[in-house]
Amino acid sequence: MCGIVGYVGPKQATPILMEALRRMEYRGYDSAGIAVLNNGGIEIHKAAGKLSVLAGELEGREPVGTTGMGHTRWATHGAPTTVNAHPHLDQSGRIALIHNGIIENSTAIKKALLARGHVFLSETDTEVLAHLIGELYEGNLEEAVAAALRDVDGAYGIVVLSADEPGTLIAARNGSPIVLGLGEGENLVASDQSALLDHTRSVVYLDNGEMAVLSANSYRVRTLTTRQIDKPVNQIEWDLATIERGGFDHFMLKEIFEQPESIENTMRGHLLEETGNVRVYGLKLSDTDAKKVKRIIITACGTSWHSALIGKSMIEELARIPTDVEYASEFRYRNPIVDSETLVIAISQSGETADTLAALLEAKQRGARVLGLVNVVGSTISREVHGGMYLRCGPEIGVASTKAFTSQVVALAMVTLRFARLRTMSLLEGRRYIDALQQLPAQIQQVLDCAPEIEKLASRFDGATNALYLGRGVNFPVALEGALKLKEISYIHAEGYPAAEMKHGPIALIDENMPVVVVAPRDAVHGKIVSNIQEVRARGGKVIAIVNKNDEEISRLAEATFIVPETLDLLTPILTVIPLQLLSYYVAVNRGCNVDQPRNLAKSVTVE
Ligand code: M6R
C-alpha cells in the first residue's frame, strides 16, 4: 500500500525517486507523483494510473534539483485521480507533503482551516495536514511538523519539504512504516527498504511517535516533543538480486520456485535432530513459561490466516493445547477472552498489516504474551511482540503470497514441536517430525519439476467464471488458500470449502462448466474425500485432484490428477499448496492478468 521515498544529496533527485517508486510498485497503488525543490520553488508532477504514465509526463521535462520526494498512492480518501495524488501543497504552495495512512480527525481540522480561509484542491486528508503544517510554519519546518502532528489523530508515515529550507527533509511515523537510508554524502527516507537498496544498506527504523530531520550529510531522530533521541543503525541483509525477477516472467513465479530454499532458510539452525526438538531463541519462551500456556490464539489476515488454521490443527493434534484462530480484523472488536495464560501468535508476512498489529496490541493490553511469526525484519509487528521467529524467506514482491505461506506453516510446525515435546510427544516422534521437515525442500522441488503438467491443467479453466476448491482436515485451509490465490490474481470467483460441507449448499453450483479442485492426499480422511469426489462426479462436475502416487481410486474418478510426494499428514499442506499456487499463476497468465500487481490489491495493507 502507498510507497514513500525522499532523497537529499548531491545527485539529481528525479531519477532516484522514480527508480525507488518502481521498486515499490509491488505494494499496489493507483496514482503517483513527485516533488523536487527547483529554483527556489517546488516542482510537482502527478498522474493517475501506473508509474509509466507519470514517467511519460516527465519525459523531456524532468525537474532539476537535488532534494525531492515521491509517492505511490493507494486511494483511501478520494478517488484515484491526478488531483488526489500526492504530493500535496499547503496554502502558500511552499510546503509539500507525502503521506501513507489516514488522518482520522481530518474533517474537523479541515472545517477549522476552511473557516480561516484555506482553499483545498483535493478530497484528501493529506492535503489537510499539509495546510495545517503550513499554517503553523514560522520559519522552522521541523517545529511546524511536530506541532501539527501533536494535533493529529490517526496513522501516518510522512515526508515534508519546504522551498524555504532547501536541503532538508522531515519525516515522521505513527503506524505507517518509515525507514531512513544512510548514504555517503546523501540520505534517503522510504516506507520500504526495497526503495533504498540501490543506495545503501545502512538503515534506521523510526518507531511510532518519532520524527527525523535529514540533510545530505546528517540526520537526527527526535520525538514530537524532544529534540534528539539515539537510534541504532541496522544493516539490510538481502541484496538487489533478491528483489529482481532473475529470469522469471513474474515475481510470483520466481517466489513459487524459491520455496525449496526459502523453507530451508526458515528452518536453518532451529532443528535439533538428536533431541527431536527445536531451538528458537527468538521465541523467548522458557520451558516453565511454555508449560504454563493453557490456550493459544492465532491471529492473522488473508493467506496468513490460512496458515494459522493449519497451525491450529498441528498444535491441537500434537501438543494438545486448545487453539483458536481469529481474523485479526474481528478480534479486537469483540471483547475477546484473553488472560496471562493465553499465548497469542500473530502471523504476518509484511509485519505491517494494520488489523494484525491492532489485534496483537489488544492482546498485549489484556495481559497475553504475544509471539510474532513475521517475514520482514524490523517491521512494526516484529518490534511490538514479546518474542517470535523471522520467516527468513526473503522479500516477497508478488502481491499474492506464496513462499511466505509455506514458511509460515513450517514456522508453525516448529512452534508446535516446541510445545509438543514438553507435553505429549516422544523423542522418537520428535525425530520423525524433524526428519519429515528436512525432506520437504527436496519434495517441493519434485513438485516444481512437474510445473509443466500444471500449466497444461490451467487450460481447464478457460471460460470458467467460478471454481470450487475442496479439502478436508488440515487440507481444508489449503483449499481456502487455493481459492484465494485464484480469485486474487485471475479474478475468477472461487470458493474453498470443507469437502463434506459442500453438500449443504455449494453442491447446487456444480455443473460441467465449473472446475472442482480437490486436495486429497492419502491421509486419515482419504476414504471420506473419495466419497465427496463421487458426489461431485454424480452431478457432472469436473474434478482436478491433488493426490499421492498410485491413488487409483481417485485417478478413476477425477478428470485429471496431479501427484505430490507423501509426508506426515500434518505437513501435507506444504506440498499440496504448491500445485494450487502454480495453477492460479498459469490461469491468470492465460487470461492476460497482471499477476504481480492484481487490481485493487496492495501488498501490505496498512489501513484498517
Ligand atoms: O503481510 P500479511 O501476511 O499480514 O498480509 C495478510 C494479507 O493481506 C495477505 O496474506 C493477502 O491476503 C495476500 N494478498 C494473499 O495472497
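Since we're looking at a predicted model, the values are computed, not measured. (Residues numbered from 1 in each chain as written. Predicted model: local features only at pLDDT ≥ 70, side-chain atom pairs only at ≥ 80, totals over all residues. Heavy atoms only, no water.)

Moving on, we get to the packing of helix H1 (residues 13-23) against helix H2 (residues 51-58). Running from amino to carboxyl end, H1 crosses H2 at an angle of 165 degrees, the nearest separation of the two axes being 11 Å. Classed by the angle they form, the pair H1 and H2 counts as roughly antiparallel. When the axes of H1 and H2 are compared, the crossing they make is left-handed. Note on element contacts: H2 touches H1 through Leu51, Leu54, Ala55 and Leu58, opposite Thr14, Met18, Leu21 and Arg22. Tallied by class, residues from the contact of H1 with H2 come to 6 nonpolar, 1 polar and 1 charged. (Axes fitted to C-alpha atoms, helices over the stretch in contact; angles between N-to-C directions. Helix = DSSP H or I, 4+ residues; strand = E, 2+ residues; numbered from the N terminus. Parallel < 35°, antiparallel > 145°, perpendicular 65-115°, else oblique. Left-handed = near helix turned anticlockwise from the far one by under 90°. Contact = heavy atoms within 4.5 Å. Nonpolar A, V, L, I, M, F, W, Y, C, P; charged D, E, K, R; others polar.)

Summarising burial for H1: 8 of the 11 residues are buried, a large majority. Of all the positions in H1, only Ala13, Thr14, Ile16, Leu17, Met18, Ala20, Leu21 and Arg23 are classed as buried. (Buried < 20%, exposed > 50% of the residue type's maximum accessible area, 1.4 Å probe, protein only.)

This paragraph deals with the sheet that holds strand E7 (residues 154-162). With respect to topology, 6 strands assemble into an open sheet ordered E5-E6-E7-E8-E12-E13, the strand pairing being antiparallel. Because the sheet does not close on itself, it has two edges, and the strands there are strand E5 (88-89) and strand E13 (219-223). Of the pairings in the sheet, the one linking strand E8 (residues 169-174) to strand E12 (residues 210-214) comprises 5 bridges and is antiparallel in character. In the strand pairing of E12, Ala172 is matched with Met211. Against the sheet, helix H5 (residues 141-150) contacts strand E6 (95-103), E7, E8, E12 and E13, and its axis sits at roughly 160 degrees relative to E7. (Pairing = 2+ DSSP bridges.)

This part covers the domain arrangement of the protein. The domains assigned to the protein are domain 1 (3-236), domain 2 (241-448) and domain 3 (450-608). Its C-alpha centre places domain 2 at a distance of 23 Å from the equivalent point of domain 3. Each partner contributes residues to the interface: domain 2 has 48 residues there, and domain 3 has 43 residues. Together domain 2 and domain 3 conceal approximately 3,700 Å² of surface at their shared face, both sides included; 70% is due to carbon and sulfur atoms. On the domain 2 side of the interface with domain 3, the three residues burying the most area are Met252, Val399 and Val447, jointly 19% of the side's total. In this structure, the connection of domain 2 to domain 3 is made through 0 salt bridges. Seen at the junction of domain 2 and domain 3, the total is 15 residue pairs in polar contact (both at pLDDT 80 or more). Per-class residue counts for the side of domain 2 that touches domain 3 are 26 nonpolar, 15 polar and 7 charged. (Domains from an automatic or database assignment. Buried area = accessible area lost by both parts, 1.4 Å probe. Salt bridge = Lys/Arg side-chain N within 4 Å of Asp/Glu carboxyl O. Polar contact = N/O pair within 3.5 Å; in protein donor to acceptor, adjacent residues only side chain to side chain.)

Two measures describe an aromatic ring pair: the distance that separates the ring centres and the angle between the ring planes. Counted according to the given criterion, the structure contains 3 aromatic pairs. With a centroid separation of 5.7 Å and 35 degrees between ring planes, the pair formed by Phe248 and Phe257 is classed as tilted. Judged by its relative accessible area of 27%, Phe257 falls in the partly exposed class. Their ring planes at 5 degrees and their centres at 4.0 Å tell us that Trp305 and Tyr327 sit as a pair that is stacked. Of this pair, Trp305 sits in helix H9 (residues 302-319) while Tyr327 sits in strand E18 (residues 323-327), placing them 22 residues apart in sequence. (Phe/Tyr/Trp six-rings, centres within 6.5 Å; stacked < 30°, edge-to-face > 60°.)

Further remarks concern the environment of Val577. Examined against the element boundaries, Val577 turns out to sit in helix H19 (residues 572-590). Placed 95 residues apart in sequence, Val577 and Gly482 show a C-alpha to C-alpha distance of 6.9 Å. Setting aside its immediate chain neighbours within four residues, Val577 contacts Phe405, Thr406, Val478 and Glu481.

Here we take up the site of the ligand. The full set close to the ligand counts 13 residues, and Ser304, Ser348, Ser350, Thr353 and Glu488 are the nearest of them. Within the backbone of Gln349, one N or O atom sits 2.7 Å away from an oxygen atom of the ligand. Expressed as a share of its isolated accessible area of 410 Å², the protein-covered part of the ligand is 91%. Contributions of two or more residues to the shell around the ligand are made by H9 and helix H16 (476-490). With 3 residues, the top contributor of residues to the shell around the ligand is H9. (Near = heavy atom within 4 Å. Areas by Shrake-Rupley, 256 points an atom, 1.4 Å probe, with all protein chains shown as cover.)

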